[in-house]
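Structural features, examined
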Amino acid sequence: KQWYQRRVRVQEVEKPVENTKPVKKATKPTQPAPRPDYIVLQEPIEGTPNYLIIEIMLPGIESSAKLTLDVGEDRLTLHAHPAKYFLDIELPYDVIPLESGAQFDTSLHMLTVALMTTCGPAAEGKIERVLTIDREKFLESLRKSEK
């Protein structure tokens, strides 16, 4: 076997090269994206959860291709492009980001995110952020608000 080493050549110029293309300035949305309705459930319901299930309602979103989901150890961030929705929530328990999964239901316009917890509370005071609401009642209230 022969070893090849590639050297990168850098061309020096005496005067800067002028950019012939006009530079587009980044435009900020005039209004912040609205926060979508969501619910955080834990599995099992009693005691320390093994999983957190987050259901996010995204009316008007037709495909997961318009979504950017970031999961950190204690935070979930969702962007629905272009500036349709924005969600940034602190999670009630620490999770393992690489053990997370998400599924988008195109008929319900709902993103379901399953997060594996680290099997222990992240910190005192976070436990009250887990909603103990019945999923069916939550979905029914959303249906009523759309009418």
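Predicted, not measured: the structure shown is a model, and the values here were computed from it.

What follows concerns the pairing of strand β5 (residues 85-90). Here is the key point about a regular strand: its side chains alternate between the two faces of the sheet. Judged by which residues are buried, β5 turns out to be one-sided: Tyr85, Leu87 and Ile89 face inward and are buried, whereas Phe86, Asp88 and Glu90, on the alternate face, are not. Where strand β4 (residues 75-80) lies against β5, 6 bridges are found, and the strand directions are antiparallel. Each bridged residue has a counterpart across the sheet, and for Ala80 the counterpart in β5 is Tyr85. In this structure, the hairpin formed by β4 and β5 is closed by a connection of 4 residues, where Ala83 is found at a positive phi of approximately 50 degrees.

For the rest of this paragraph, the subject is unusual backbone geometry. With an omega dihedral of 0 degrees, the bond running from Glu43 to Pro44 counts as a cis peptide bond. His81 connects to Pro82 through a cis peptide bond whose omega is -5 degrees. Tracing the sequence through the fold places Pro82 in the loop between β4 and β5. Backbone geometry at Ala83 places phi at a positive 50 degrees, although glycine is not the residue there. Secondary-structure assignment places Ala83 in the loop between β4 and β5. Positioned with a positive phi, His109 is a non-glycine residue whose angle comes to about 55 degrees.

This next bit is on the side chain of Thr117. You can see Thr117 is positioned in strand β8 (residues 110-121). The class of Thr117 is buried, set by a relative accessible area of 1%. A polar contact is formed between the side chain of Thr117 and the backbone oxygen of Pro49, at a distance of 2.6 Å. Excluding anything up to four places from it in sequence, Thr117 contacts Pro49, Asn50, Tyr51, Leu52, Tyr93, Asp94, Val95 and Ile96.

Each value, and the rule that gives it
Residues numbered from 1 in each chain as written. Predicted model: local features only at pLDDT ≥ 70, side-chain atom pairs only at ≥ 80, totals over all residues. Heavy atoms only, no water. Buried < 20%, exposed > 50% of the residue type's maximum accessible area, 1.4 Å probe, protein only. Helix = DSSP H or I, 4+ residues; strand = E, 2+ residues; numbered from the N terminus. Pairing = 2+ DSSP bridges. Polar contact = N/O pair within 3.5 Å; in protein donor to acceptor, adjacent residues only side chain to side chain. Contact = heavy atoms within 4.5 Å.

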